[in-house]
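Understanding the architecture of this molecule
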Amino acid sequence: MSAQDTPAPVFEVVHLAKNFGGLRVTNDVSLSLRPGDRMALIGPNGAGKTTFVNLVTGALKADAGEVRLNGESVNRLDPIGRVRRGLVRSFQVTRLFLEMTPAEHVALAVLQRTGRSGRMFGNFRAMPDVMEEVEEQLVALGLHDLMHRKVREIAYGQQRLLEIAIALALKPRVLLLDEPAAGVPQSDTGRIEQALAGLPASLAVLMIEHDMDLVFRFAKRVVVLAAGAVIFDGLPADVARDDRVREAYLGSYAHAGHAA
Ligand SMILES: Nc1ncnc2c1ncn2[C@@H]1O[C@H](COP(=O)(O)OP(=O)(O)OP(=O)(O)O)[C@@H](O)[C@H]1O
């Protein structure tokens, strides 16, 4: 592929830094994603993954550095402003409304994206364009049969699929998936993987995940964070034999009192 064929990055993080008191939790982190990229961000406990996600979504303010979407800085935008520019973090199960249905959750996301007021929510079933999208998203994630059930009645794995459906209803260009398979029983992780495999081809995806099997099956590129800094950025096939990565993981196990 020539340089001309390579699309420009849709998401760039440039020299991002954050301290908590004297602790440098994000240390000069730079990375970028192009449309269609499938990247996993991994690292031992306490490496700074959650802080990194909070900085890029705008939930936390960085001390230095820049986050860019489509080449433009979004540093001044709050999380909602960044969602409008196409940076969407998968909604967390803990933020789902247990008494609401999957259809209602996805409808709310469609109404938000299309700039319609929450007051229209009561009437969304009468809006053909909203209903069409709701059905399309829920069919794509295998949740169609459950669309009118209450969230509290559906299995945890299905709730996690609903998180992805809500995120996709916001029509992201960049999707941050925070441990999409965490807490899901082994018997249901196949459905999560299927959903990840079916994500729109042009979407840039950054997945934070502890499950290495899932990382290796999903990611085309892996970034490893340790003590807030990027210590590896490369192919999944090379990550396990990288000395710095091995040291970081062994060090963290030893620190946590596990046999290294
Ligand atoms: N609000 C805060 N104030 C002070 N220190 C914090 C704060 N949030 C996180 N930290 C510290 O920053 C470091 C990175 O934490 P973070 O949660 O980002 O790591 P992580 O890689 O997501 O970890 P895990 O995989 O265990 O969730 C840790 O040492 C943590 O104790």
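What counts, and where the lines are drawn
Counting from 1, residues in each chain are numbered in the order their sequence is written. Predicted model: local features are reported for residues with pLDDT of at least 70 only, side-chain atom pairs are reported and counted for 80 or more only, and whole-chain, interface and lining totals are derived from all residues. Side-chain numbers here rest on the full set of heavy atoms in the structure, without hydrogens or water. UniProt positions are given in the numbering used here, feature names are shortened, and annotations may be inferred rather than shown by experiment. For this description, a residue counts as near a given molecule or strand if any of its non-hydrogen atoms is within 4 Å of it. Nitrogen and oxygen atoms within 3.5 Å of one another constitute a polar contact, given that in protein one can donate a hydrogen and the other can accept it, and given that sequence-neighbouring residues count only through two side-chain atoms. Note on areas: Shrake-Rupley with a 1.4 Å probe; residue coverage comes only from the protein chains shown. Comment: elements are numbered from the N terminus, with helices defined as DSSP H or I runs of at least four residues and strands as E runs of at least two. Here the limits of each domain have been adopted from an automatic or database domain assignment. Working rule for contacts: check all heavy atoms of both residues, and any pair within 4.5 Å makes them a contact. Buried area counts how much accessible surface, traced with a 1.4 Å probe, disappears from two parts once they are put together, with both parts' losses summed. A carboxyl oxygen of Asp or Glu within 4 Å of a side-chain nitrogen of Lys or Arg is what we treat as a salt bridge. Note on residue classes: Ala, Val, Leu, Ile, Met, Phe, Trp, Tyr, Cys and Pro are nonpolar, Asp, Glu, Lys and Arg are charged, and everything else, Gly too, is polar. Nonpolar cores were defined as sets of buried Ala, Val, Leu, Ile, Met, Phe, Trp, Tyr and Cys residues, with membership established by side-chain atoms within 4.5 Å. In this scheme, a residue with accessible area under 20% of its type's maximum is buried, one over 50% is exposed, and one in between is partly exposed, where area comes from a 1.4 Å probe on protein chains only. Two strands form a pair only when DSSP identifies at least two bridges running between them. Angles shown run from 0 to 180 degrees and are taken between the N-to-C directions of axes, each axis being a line fitted to C-alpha atoms and, for helices, limited to the stretch in contact.

Per an unreviewed UniProt entry, the protein goes by the name Branched-chain amino acid ABC transporter ATP-binding protein and belongs to Azorhizobium caulinodans. Quoted verbatim from the Sequence similarities (unreviewed entry) field of UniProt, the annotation for the protein is "Belongs to the ABC transporter superfamily."

Surveying the vicinity of the ligand reveals the residues Phe 20, Leu 23, Val 25, Pro 44, Asn 45, Gly 46, Ala 47, Gly 48, Lys 49, Thr 50, Thr 51 and His 210. With respect to the ligand, the backbone of Gly 46 contributes an N or O atom lying 2.8 Å from an oxygen atom. Separating an oxygen atom of the ligand from a backbone N or O atom of Ala 47 is a distance of 3.1 Å. Contact with the protein chains hides 56% of the accessible area of the ligand, taken as 630 Å² for the molecule alone. If you list the elements that add at least two residues to the shell around the ligand, you get β2 (23-33) and α1 (49-57).

This brings us to the domain arrangement of the protein. Where the parts come together, the accessible area they lose is often given as the size of the interface. Along its sequence, the protein is carved into domain 1 (7-86 + 173-260) and domain 2 (93-171). Contacts between the two partners involve 19 residues from domain 1, matched on the other side by 13 residues from domain 2. At the boundary of domain 1 with domain 2, total buried surface from both sides reaches about 1100 Å², with 67% on carbon and sulfur atoms. Counting across the interface, domain 1 meets domain 2 through zero salt bridges. Joining domain 1 to domain 2, the criterion identifies four residue pairs in polar contact (both at pLDDT 80 or more). Of all the elements, helix α6 (residues 186-197) adds the most residues to the side of domain 1 that touches domain 2, at five residues. Classifying every residue of the side of domain 1 that touches domain 2 gives 13 nonpolar, one polar and five charged.

To continue, consider the nonpolar core. By size, the foremost hydrophobic cluster in this structure holds 55 residues, and its most contacted members are Val 106, Leu 138, Leu 162, Leu 196, Leu 199 and Val 224. By residue number, the principal contributor to this core is helix α5 (residues 156-169), which donates eight residues. The two domains that each donate at least three residues to this core are domain 1 (7-86 + 173-260) and domain 2 (93-171). Every residue in contact with Leu 196, bar those within four places of it in the chain, is listed here: Ile 164, Leu 177, Pro 180, Met 207, Leu 214 and Phe 218.

Moving on to unusual backbone geometry. Here Asn 70, not a glycine, exhibits a phi torsion of approximately 50°, which is positive. Inspection of the secondary structure puts Asn 70 in the loop between β4 (64-69) and β5 (72-73). By relative accessible area, which is 38% here, Asn 70 ends up partly exposed. Of note, Ala 227 is a non-glycine position whose phi angle comes to about 45°, a positive value. Ala 227 gets classed as exposed once you look at its relative accessible area, which sits at 63%.

As summarised here, the arrangement of the six strands in space is β6-β7-β8-β3-β9-β10, forming an open sheet in which the pairing is mixed. Of all the strands in the sheet, just β6 (87-89) and β10 (229-234) have a single pairing partner and so form its edges. Neighbour-to-neighbour, the strand axes of the sheet open up by a mean angle of 20°, direction not taken into account. Where strand β3 (residues 38-42) meets strand β8 (residues 204-208), four bridges bridge the pair, whose relative direction is parallel. Residue Met 39 lies in a different strand from β8, and its bridge partner there is Leu 206.

A sheet is described by the order of its strands in space; here four strands give the open sequence β2-β1-β4-β5, paired in antiparallel fashion. Only two strands of the sheet have a single neighbouring strand rather than two, namely β2 and β5. Against the sheet, α1 touches β1 (11-20), β2 and β4, its axis set at about 120° to β1.

Another aspect to go through is the pattern of salt bridges. Considering all chains together, one arrives at 16 salt bridges under this definition. One salt bridge in this structure joins Asp 178 and Arg 89, with 2.9 Å as the shortest N-O distance. Taken together, the residues Asp 178 in strand β7 (residues 174-178) and Arg 89 in strand β6 connect sequence positions 89 residues apart. Between Arg 116 and Asp 129 there is a salt bridge, and its shortest N-O distance comes to 2.8 Å. Separated by 13 residues along the polypeptide, Arg 116 in the loop between α3 (102-113) and α4 (128-140) and Asp 129 in helix α4 bring together distant segments of the chain. Relative accessible area serves as the criterion here: at 23%, Arg 116 is assigned to the partly exposed category.

In terms of burial, α1 is a largely internal element, eight of the nine residues being buried. Of the positions making up α1, those classed as buried are Lys 49, Thr 51, Phe 52, Val 53, Asn 54, Leu 55, Val 56 and Thr 57. Directly after α1, the chain includes Gly 58, whose backbone phi takes a positive value near 95°.

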